[in-house]
Amino acid sequence: LRSLNLSWNPLGKFSAEENCHQLVRLFRETKTLRHLDLSRCDLTMAHCKILAEGLEDNRTLVGLHVSGNEAHVDAQGFLVPRRNSPPGEGDPHATMSLADDEDSCC
């Protein structure tokens with residue numbers, strides 16, 4: 001499994017904590033997942049906190065999409081839970097990279 005698109009699935013509505021814990025398990029056990037799209041999954045700040053903690057030791061995921069949830073990916077590639085999204089973050093096609101690739105820097 002290299003890419004997983006779960007966008008627009010109501011993961012935050014039904015069995016939300018269990019869904020998040022299953023994703024954390026995936027982060028820990030899968031060494032091949034490179035891209036994950038969780039856009040518009042109704043994930044609250046509390047759900048995103050579970051995911052953020054689960055991603056702390058992950059070194060394989062390089063693309064993460066979380067627009068439309070109560071979180072964003074910061075410039076260092078960390079998932080940051082928060083209540084409000086910044087203006088313009090609602091673009092479901094916006095992407096953020098978790099890769100720390102110094103060669104691609106200006």
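Quick look at the structure, then. (Residues numbered from 1 in each chain as written. Predicted model: local features only at pLDDT ≥ 70, side-chain atom pairs only at ≥ 80, totals over all residues. Heavy atoms only, no water.)

1. What to know about the sheet that holds strand 1 (residues 3–5)
We count it as follows: For two strands to be treated as a pair, DSSP must find no fewer than two bridges joining them. Secondary structure elements are defined from DSSP: runs of H or I of at least 4 residues count as helices, runs of E of at least 2 residues count as strands, and each element is numbered from the N terminus. Every angle, taken between N-to-C directions, lies between 0 and 180 degrees, and every axis is a line fitted to C-alpha atoms, over only the stretch in contact when it is a helix.
A sheet is described by the order of its strands in space; here three strands give the open sequence 1-2-3, paired in parallel fashion. Looking at which strands have only one partner, the edges of the open sheet turn out to be strand 1 and strand 3 (63–65). Neighbour to neighbour, the strand axes of the sheet diverge by 0° on average, direction disregarded. By the bridge criterion, three bridges tie strand 1 to strand 2 (residues 35–37) in an arrangement that is parallel. Following the sheet pairing, Leu 4 is matched in strand 2 by Leu 36.

2. Observations regarding helix 2 (residues 45–55)
An α-helical turn contains 3.6 residues, so any two residues separated by three or four positions project in the same direction. Stated precisely, the cut-off is as follows: Here's how the labels work: a residue is buried when its accessible area is under 20% of the maximum for its type, exposed when over 50%, partly exposed in between, all with a 1.4 Å probe on protein chains only. Contacts between residues were defined by any pair of non-hydrogen atoms, one from each residue, lying within 4.5 Å.
Buried residues of helix 2: His 47, Cys 48, Ile 50, Leu 51, Ala 52, Gly 54 and Leu 55, and no others. Buried positions along helix 2 lie against helix 1 (16–29), strand 3, strand 4 (71–73) and strand 5 (79–81).

3. Digging into helix 1
We apply this condition: Under the convention used throughout, the expected extent of a helix is 1.5 Å for every residue step, that is, one less than its residue count. To be clear, the arc concerns the directions from the helix axis to the C-beta atoms.
Here helix 1 contains 14 residues, and its C-alpha end-to-end distance of 20 Å stays within 8% of the 20 Å for a straight helix at 1.5 Å per residue. If you check which residues of helix 1 are buried, you get Ala 16, Cys 20, Leu 23, Val 24, Leu 26 and Phe 27. Along the long axis of helix 1, the arc covered by the buried residues comes to 155°, so they all point the same way. What points out from helix 1, more than 90 degrees from its buried face, is the exposed set Arg 28 and Glu 29.

4. Quick notes on unusual backbone geometry
The backbone of Arg 40 sits at a positive phi, close to 55°, despite the residue not being glycine. With respect to the secondary-structure elements, Arg 40 resides in the loop between strand 2 and helix 2. Positive phi outside glycine occurs at Asp 42, with the angle close to 60°. Checked against the element boundaries, Asp 42 lands in the loop between strand 2 and helix 2. In this structure Asp 42 comes out as partly exposed when scored by relative accessible area, which is 35%.

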